[in-house]
Amino acid sequence: MPQSTDLSDSYSAYFSDSYSEARQRLLELSARRGGTHWTYDIDQCSPHGEALSVDVLRFGPPEASQVLVISSGTHGVEGFFGSAAQLALIELKLEELLSVQGVALVIIHAVNPYGFSHLRRVNEDNVDLNRNFLTVGESYKGADPKYALLDGLLNPQSPPPRFELFTLKALLQIIRHGFQALKSSVAQGQYDFERGLFFGGRGPSRSHKIITEHLPHWIGEAERVIHIDLHTGLGPWGTYVMAASQNIPQSELQWLLGHFDQDKVQQLEASGVLYQIRGEFTYYCRSLFSEVDYYPILVEFGTYPILKVLSALRAENRATHWCDTGAPELDQKRQQLREAFSPASEEWRSTALSKTLRVIDQAVAALNDDSNGS
Ligand SMILES: [Zn+2]
């Protein structure tokens, strides 16, 4: 563990400047620490022509009955933080984690490598992957009626102008509809506006198929899994919440409350920092297993105020669809999106990583407790 005097510098150093650099650093560290590595090409390239892939690392005994899964970059550009946390975890916590008998660690790096590499929250098809993991029987159709009303405000069909009145217009809508109702109806996921924000797709994405096919192999013999998917962009600066799917039973929520900070654990619902969503990634992972105690958790770190983040999302999406390829506005909007989801502030980075490592400590303790107890 770094000393407190140089925490900021040390933690900041885990952040990379690009998807490719983040991936390379993680793979090199994994090789030094004896990790098993699988790579899954998604048939897309980085802006510099490099192949993009979802990469999975596993540490610990093959027969481990308890597995900690840490995934990053489900929302592309949020992977700068998630990947840094994964790097820090392997460097600083791996030995401690593997000292617990019967425990293994699985790292899923860049669930959405395209968005990570191209500085988008969505994937190569404009799909929000945390709305794309619908479970069996759900259809890729529909949108909240309020979303249709707001489509013109959220997704204007023209390049971004020099001066923007989005915040003012959004505030008027908030006054008209109410903040919580608006947050839910906009962000829960929609399947009708393919160039719009929070679009969940027309069917399972490439990443969805990779997870479905290979996750059982990655977790192996696990009887219990804690799966933490790392996100940023919602909530007050540098604070976090641990959100469990609205669909998990109360007994499982109680288990989480018993093992993590109670004031951080909440279910995905409109009254909290987050909101109910369709097609949530970790809950889908849980749905693949009937015989595994699978705890799906979304850890969300706050960055900037919600309207600033939404404004950055809207501007980047607008520039993507309505600016010419290579237009300077597009790069500018993507850099602004990156800042909205991965602040350059050393103080933010240090705070977010140290808190994440504390969550990891709690997860390890939870696995340890149960492996000895029941
Ligand atoms: Zn996210």
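The preceding data block contains the structure.
Computed from a predicted structure; not experimentally measured.

This part takes up the overall build of the protein. For the protein, the count of helices and strands is 13 helices and 8 strands. On C-alpha atoms alone, the protein measures out to a radius of gyration of 20 Å, which is about the 21 Å that the 2.2 N^0.38 rule sets for 374 residues. For the protein, the residues scored as buried account for 57% of the 374 residues in total. Once local pairs closer than 6 in sequence are excluded, the contacts in the protein between residues at least 24 apart make up 79%. Summed over all atoms, the accessible surface of the protein reaches about 15300 Å², with 50% contributed by carbon and sulfur. The protein carries 32 positive and 45 negative side-chain charges, and their two centres are separated by 8 Å.

Now for a nonpolar patch on the surface. A cluster of nonpolar side chains, Leu-165, Leu-168, Leu-172 and Ile-175, forms an exposed patch at the surface whose accessible area comes to about 450 Å². Looking at the element boundaries, Leu-172 is found in helix H6 (residues 166-177).

Taken in spatial order, the 8 strands make up an open sheet running S1-S2-S4-S3-S5-S8-S6-S7, and their pairing is mixed. Each of the sheet's edge strands pairs with one partner strand only, and the pair in question is strand S1 (36-45) and strand S7 (265-267). Put simply, the sheet's adjacent strands are angled 25 degrees from each other on average, direction ignored. Across 7 bridges, the pairing between S1 and strand S2 (residues 51-59) is antiparallel. Residue pairing in the sheet places Thr-36 in a bridge with Arg-58 of S2. Against the sheet, helix H8 (residues 206-219) engages S1, S2, strand S3 (66-71), strand S4 (103-109), strand S5 (224-237) and strand S8 (293-302), with an angle of about 175 degrees to S1.

Six octahedral donors around a metal ideally sit at 90 or 180 degrees from one another, while four tetrahedral donors ideally sit at 109.5 degrees. Distances from the zinc ion to its protein donors, namely His-75 (ND1), Glu-78 (OE), Glu-78 (OE) and His-231 (ND1), fall within the range 2.0 to 2.6 Å. Coordination at the zinc ion is irregular, judged from the 4 donor atoms that bind it and the angles of 54 to 146 degrees they form at the metal. In primary-sequence terms, the residues that donate to the zinc ion follow H-x2-E-x152-H. Residue His-75 is found in the loop between S3 and helix H3 (79-98), and its partner His-231 is found in strand S5; the two are separated by 156 residues along the sequence. Like His-231, His-75 is buried.

All right, on to the nonpolar core then. Most often, soluble globular proteins keep nonpolar side chains buried together rather than apart. Ile-108, Ile-211, Leu-215, Trp-218, Ile-219, Val-225 and Tyr-294 are the most contacted members of the largest nonpolar core, which totals 64 residues. With residues up to four places along the chain from it excluded, the contact list for Val-225 reads Val-67, Val-69, Ile-219, Val-292, Asp-293, Tyr-294 and Tyr-295. The next biggest cluster of nonpolar side chains, apart from the first, holds 51 residues, and it includes Tyr-14, Leu-26, Ile-226 and Tyr-295.

Under the 1.5 Å per step criterion, the end-to-end length of helix H11 (residues 306-322) is 24 Å for 17 residues, consistent within 8% with the ideal 24 Å. Burial runs high along H11: 12 of the 17 residues are buried. Buried within H11 are the following residues: Leu-307, Val-309, Leu-310, Ala-312, Leu-313, Arg-314, Ala-315, Glu-316, Asn-317, Arg-318, Ala-319 and His-321. Residues of H11 that are buried sit in contact with helix H5 (145-154), H6, S5 and helix H12 (328-341).

Residue position: Gln-267 is located in strand S7. The class of Gln-267 is buried, set by a relative accessible area of 13%. Within the local environment of Gln-267, its side chain forms a polar contact with the backbone oxygen of Ser-245, the two atoms lying 3.1 Å apart. A polar atom in the side chain of Gln-267 sits 3.4 Å from the backbone oxygen of Ile-248. Ignoring anything within four residues of it in the chain, the contact list for Gln-267 reads Ala-244, Ser-245, Gln-246, Ile-248, Gln-250 and Leu-253.

This part takes up the pairing of S4. The buried fraction of S4 amounts to 7 of the 7 residues, a majority that puts the element mostly inside the structure. Of the two faces of S4, the one lined by Val-103, Leu-105, Ile-107 and His-109 and the one lined by Ala-104, Val-106 and Ile-108 are each fully buried. Sheet analysis places S3 next to S4, joined by 6 bridges and oriented parallel. Paired with Ile-70 across the strands is Ile-107, a residue of S4. Taken together, S3, H3 and S4 constitute a β-α-β crossover, and its handedness is right-handed.

Further remarks concern the packing of aromatic side chains. Any aromatic ring pair is given by two values, namely how distant the centres are and how the planes are angled relative to each other. Under the defined criterion, the tally for this structure stands at 14 aromatic pairs. Geometrically, the ring pair formed by Phe-81 and Trp-348 is edge-to-face, given 5.8 Å between the ring centres and 70 degrees between the ring planes. With Phe-81 in helix H3 and Trp-348 in helix H13 (residues 346-373), this residue pair connects regions lying 267 residues apart in the sequence. Since its relative accessible area comes to 0%, Phe-81 is described here as buried. By relative accessible area, Trp-348 is classed as buried at 0%. Relative to Tyr-304, the ring of Trp-237 has its centre 5.2 Å away and its plane inclined at 65 degrees; by these criteria the two rings are edge-to-face. Highlighted residues: Trp-237 in strand S5 and Tyr-304 in the loop between S8 and H11, separated in sequence by 67 residues. The rings of Phe-81, Tyr-240, Phe-301 and Trp-348 are connected pair by pair, giving a single aromatic cluster.

Rules used in this analysis
- Residues numbered from 1 in each chain as written.
- Predicted model: local features only at pLDDT ≥ 70, side-chain atom pairs only at ≥ 80, totals over all residues.
- Heavy atoms only, no water.
- Helix = DSSP H or I, 4+ residues; strand = E, 2+ residues; numbered from the N terminus.
- Rg over C-alpha atoms; globule rule 2.2 N^0.38 Å.
- Buried < 20%, exposed > 50% of the residue type's maximum accessible area, 1.4 Å probe, protein only.
- Contact = heavy atoms within 4.5 Å.
- Areas by Shrake-Rupley, 256 points an atom, 1.4 Å probe, with all protein chains shown as cover.
- Lys, Arg positive; Asp, Glu negative; His and termini not counted.
- Charge placed at Lys NZ, Arg CZ, Asp CG, Glu CD.
- Patch = residues over 30% accessible without salt bridge, like charges linked within 9 Å, V, L, I, M, F, W, Y side chains within 5 Å.
- Salt bridge = Lys/Arg side-chain N within 4 Å of Asp/Glu carboxyl O.
- Pairing = 2+ DSSP bridges.
- Axes fitted to C-alpha atoms, helices over the stretch in contact; angles between N-to-C directions.
- Donors = N, O, S within 2.8 Å, 3.2 Å for Na, K, Ca; no water.
- Tetrahedral: all angles 85-135°; square planar, octahedral: opposite > 155°, others 65-115°.
- Core = buried A, V, L, I, M, F, W, Y, C linked by side-chain atoms within 4.5 Å.
- Expected span 1.5 Å × (residues − 1).
- Polar contact = N/O pair within 3.5 Å; in protein donor to acceptor, adjacent residues only side chain to side chain.
- Right-handed = clockwise from strand over helix to strand, strands pointing away.
- Phe/Tyr/Trp six-rings, centres within 6.5 Å; stacked < 30°, edge-to-face > 60°.

Any functional reading would require information beyond the geometric quantities listed.
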